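Reading the structure
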Amino acid sequence: MSEPLQPLLDLRQVTRSFGGAGAVTALAGIELSVASGDHVAITGPSGAGKSTMLNILGLLDRPSTGEYLFDGEPTSRLSERRRSTLRATQIGFVFQAFHLLPGRTVLENVSMAYLYGTVPRYERGRRARDALDRVGLSHRIGFQPGTLSGGERQRVAIARAVCTEPRLLLADEPTGNLDRANSEEILALFDELNADGLTLVTITHDQRVADRARRRVRIEQGRLTEPTA
Amino acid sequence: MSDRKWRPRPAIALPSRRRGAHYTVRDLLTESLNGVSAKPSRLVISVVGTLVGIGALVMTIGLGQTAAGQVATRFDSVAATHLEVQPATASGADGKDHPTASIPADALDRVTRLAGVEAAAALAKVSFEARITAVPVNDPSSTAAVPPPIVAVSGDLLAAVGGAVSGRMFDRGHEERVDRVAVLGAGAAQALGIENAASSPSIFIDEHAFTVVGILESSEIEPGLVDSVIVPLATAQRDLRAGPADTLALRIAVGAASTVSHQAPIALAPNAPDGFTAAAPPTGAELHGDVQGDLDLVFFMIGLITLVAGGLGIANVTMLSISERRSEIGLRRALGATRRQIAAQFMTESLVVGTLGGLIGAAVGVLTVVIVSLAQGWTPVLDLGLVLGSTVSGGLVGLAAGCFPAVRAARVEPADALRDS
Ligand SMILES: Nc1ncnc2c1ncn2[C@@H]1O[C@H](COP(=O)(O)OP(=O)(O)OP(=O)(O)O)[C@@H](O)[C@H]1O
Ligand SMILES: [Mg+2]
């Protein structure tokens, strides 16, 4: 069903092991291309290497061997600074634990995304409001994260992730802490973002979440098994 | 949800190296201030050490300056009305200083004739190591452990150096008759066990009996006299191997200081006035100054130690806050912060805390100086440089304290930090 798009993400025989002399092999030769505009769900048992793979895709971690190409560019040759710039401008993250800063308003939490990027200061407020409007939280702008429901918190986190208009959104168990209704809201949001061209990679345990993706990938013991959809 | 369309980035090229805004100093400051104020209790704990250290330093230095200010005021009035004339010295072949002239025997007559001189006295230190006792027995145990110094005096000592005597001062008649009379400084009298001069007690300087006619309770200009035994110059020259006078103490009219200091050497040696120097007497404050100096040093050290402890406190609290804020660090890295930006933020937070401590500490120190000064009736001397300097020092302490935690924060691996929540 996937049309031949130019791959935005390309993992070539990527391995990742932890702890010196081959103690833990989290990824054992991953071969994966994700086309621009695709929505991929990654499933697999706990400890299979899902988060490890997502961290590599998000340039938070480097492969032990193999190469990862982002938009056709081999990332092993990129400087730390360049990788940081890519994270700030091209990649958004959503986590199971939200990672909102307590003591700062919803608007401030979203605006943080602009700190390390290239959006000029005078545009930040307006764009952050737009993003919050987009996730349906205009009325919560001045609230503290602690006063929001789980679903609302995750929507703030999504607003933070996409307000910089990245090309890639990486989500690690985005609905892991949410009930069914809230999960459904998040998934609807993801569908909408994907329809607008945002490339999505979502890790999930939840089969309903996986079913909403265009493509499903399964990892077991650091290896990919791609069931046909 | 809004029906506005999401606008993804065009799928061309990666962003150029520098485009548009970047993490500015303003961003850094805002984030650091937010970080610092996020937890008031943490802020208070980390500020206190620096605050106390800087406060103690400002208080010590401020009180020192204030006290010095009072001494200087006193010194000015002394300098205006008193002069000391002494033979100039030159270093001899043995490396010691030797006088290049000696004060003539009729020096007092010569200088009192000068306009502006109101009183004059000639003084000679007796270097002869005499044994001084209050009883005529040859019992070594009854002598004072360190005998008081003997000062031989001619002229109107009380008028020349100021002071109060109970009993009386010996006079010109005593000097002319070369009587064995003495005036004891209060300190010397106490050392010799003599309480007052009313009963005309005797003291023995070696085997010579001297009648004590008075006790010098205080002296403004020559506080050293209070610990001395004062005898007539002529008597000392006859009995105690005293030489000629080595100092002329003058009391002069206000405003006459420069004329008298010019004319006195000429009056003493018309052909070689360079042989004498005239200067305002050193103040007795120097004697107390030593004690004050020791006290200052103690407070200064306490301040420094507290400051170091304050720095360690900041470092400690910052370290703690880093482990508490690991996920925040991970999040910032995910949002594109470089290691350097993370380090800069924690350095700045530490700098802010230190500066805050310095600022409040300076205020507390200044307040203490003002309160103490008011209580003592002093004019507080407050140096703006001290206030600014101590605030800056607080900041420096903060910076120093922030180095290690900042490096630790920069080393946090974002992937690990985001895992634990
Ligand atoms: N920093 C690390 N040091 C050592 N081992 C690690 C590290 N990170 C991950 N691992 C190991 O790598 C393996 C894969 O971990 P990963 O977090 O990717 O699993 P996961 O698929 O995301 O699991 P879950 O569904 O429970 O989140 C695990 O065995 C884990 O213990
Ligand atoms: Mg995981």
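Going by an unreviewed UniProt entry, chain B carries the name Putative ABC transport system permease protein and comes from Herbiconiux ginsengi. Quoted verbatim from the Sequence similarities (unreviewed entry) heading of the UniProt record, the comment on chain B is "Belongs to the ABC-4 integral membrane protein family."

Naming follows an unreviewed UniProt entry, where chain A appears as Putative ABC transport system ATP-binding protein of Herbiconiux ginsengi.

1. So, the overall build of chain B
Check the secondary structure of chain B and you find 13 helices and 13 strands. In chain B, buried positions account for 45% of the 421 residues. For chain B, the proportion of contacts with a sequence separation of at least 24, taken over those separated by at least 6, is 80%. Of the roughly 20800 Å² of accessible surface on chain B, 61% is carried by carbon and sulfur atoms.

2. What to know about the UniProt feature "transmembrane region" (unreviewed entry) in chain B
Residue and element names in this part refer to chain B. Residues annotated by UniProt as "transmembrane region" (unreviewed entry) correspond here to residues 43-64, 297-322, 343-372 and 384-407. Across residues 297-322 one finds 100% helix and 0% strand; the C-alpha atoms that close the span lie 37 Å apart. Segment residues 384-407 splits into 100% helix and 0% strand. End C-alpha atoms: 35 Å apart.

3. Looking at the packing of helix α5 (residues 150-162) of chain A against helix α6 (residues 180-195) of chain A
Residue and element names in this part refer to chain A. Put simply, α5 and α6 touch, their axes get as near as 9 Å, and they point 20° apart. If you check the angle between α5 and α6, you find them roughly parallel. Once α5 is placed against α6, the crossing between them reads as right-handed. Listed contacts from α6 to Gly151, Gln154, Arg155, Ile158 and Val162 of α5 are Asn182, Glu185, Ile186, Leu189, Phe190 and Leu193. Looking at the contact of α5 with α6, its residues break down into six nonpolar, three polar and two charged.

4. As for the pairing of strand β10 (residues 208-218) of chain B
The side chains of a regular strand alternate between both faces of the sheet. Residue and element names in this part refer to chain B. As paired elements, strand β7 (residues 164-167) and β10 share four bridges and run antiparallel to each other. Each bridged residue has a counterpart across the sheet, and for Val165 the counterpart in β10 is Leu216. Bridging between strand β8 (residues 181-185) and β10 involves five bridges; their strand directions are parallel. When the bridges of β10 are listed, Gly185 appears paired with Leu216. Bridging between strand β9 (residues 202-205) and β10 involves four bridges; their strand directions are antiparallel. Note that in β10 the partner of Ile203 across the bridge is Phe210. Between the antiparallel neighbours β9 and β10 lie two residues, among them Asp206 with a positive phi of about 50°.

5. Here's the deal with the nonpolar core
Of all hydrophobic cores here, the largest spans 84 residues; its most connected members are Leu9(A), Leu11(A), Met53(A), Leu132(A), Ile158(A) and Leu169(A). Contact partners of Leu132(A), with chain neighbours within four places excluded, come to Val106(A), Leu107(A), Val110(A), Leu137(A), Ser138(A), Ile141(A) and Ala159(A). Judged by nonpolar contacts, the second largest core, of 46 residues, contains Val85(B), Ile215(B), Ala242(B) and Ala267(B).

6. Brief notes about the site of ligand 1
Of all residues adjacent to ligand 1, which total 14 residues, the nearest are Ser46(A), Gly47(A), Lys50(A), Ser51(A) and Thr52(A). More than one chain reaches ligand 1: its neighbouring residues belong to chains A and B. Here an oxygen atom of ligand 1 sits 2.6 Å away from a polar atom, N or O, in the side chain of Thr52(A). With respect to ligand 1, the side chain of Arg419(B) contributes an N or O atom lying 2.8 Å from a nitrogen atom. Ranked by residue count, the leading element in the shell around ligand 1 is helix α1 (residues 50-57) of chain A, at three residues. Here the residues of the shell around ligand 1 sort into five nonpolar, six polar and three charged.

7. Quick notes on the environment of Phe299(B)
All names here are of chain B. Take Phe299: it is sitting in helix α9 (residues 285-324). The class for Phe299 is partly exposed, based on a relative accessible area of 36%. Linking Phe299 and Thr60, residues 239 residues apart in sequence, is a C-alpha distance of 6.0 Å. If we skip the residues at most four places from it in the chain, Phe299 touches Met59 and Thr60.

8. Regarding a nonpolar patch on the surface
A cluster of nonpolar residues, Leu297(B), Phe300(B), Met301(B), Leu304(B) and Ile305(B), forms a patch on the protein surface that exposes about 450 Å² of accessible area. Judged by relative accessible area, Leu304(B) falls into the partly exposed class, the value being 34%.

9. Brief notes about the sheet that holds strand β8 (residues 199-203) of chain A
Residue and element names in this part refer to chain A. Here six strands make up an open sheet; going across it, the order is β6-β7-β8-β3-β9-β10 and the pairing mixed. Unpaired on one side and paired on the other, β6 (91-95) and β10 (223-225) mark the two borders of the sheet. Going from strand to strand, the sheet's axes swing by 20° on average, the running direction of each strand aside. In terms of strand pairing, strand β3 (residues 39-43) meets strand β9 (residues 215-220) through four bridges, oriented parallel. Its bridge partner lying in β9, Val40 is registered against Arg215.

What counts, and at which threshold
Residues numbered from 1 in each chain as written. Chains lettered and ligands numbered in written order. Predicted model: local features only at pLDDT ≥ 70, side-chain atom pairs only at ≥ 80, totals over all residues. Heavy atoms only, no water. UniProt positions renumbered as here; feature names shortened; annotations may be inferred. Helix = DSSP H or I, 4+ residues; strand = E, 2+ residues; numbered from the N terminus. Buried < 20%, exposed > 50% of the residue type's maximum accessible area, 1.4 Å probe, protein only. Contact = heavy atoms within 4.5 Å. Areas by Shrake-Rupley, 256 points an atom, 1.4 Å probe, with all protein chains shown as cover. Axes fitted to C-alpha atoms, helices over the stretch in contact; angles between N-to-C directions. Parallel < 35°, antiparallel > 145°, perpendicular 65-115°, else oblique. Left-handed = near helix turned anticlockwise from the far one by under 90°. Nonpolar A, V, L, I, M, F, W, Y, C, P; charged D, E, K, R; others polar. Pairing = 2+ DSSP bridges. Core = buried A, V, L, I, M, F, W, Y, C linked by side-chain atoms within 4.5 Å. Near = heavy atom within 4 Å. Polar contact = N/O pair within 3.5 Å; in protein donor to acceptor, adjacent residues only side chain to side chain. Patch = residues over 30% accessible without salt bridge, like charges linked within 9 Å, V, L, I, M, F, W, Y side chains within 5 Å. Salt bridge = Lys/Arg side-chain N within 4 Å of Asp/Glu carboxyl O.

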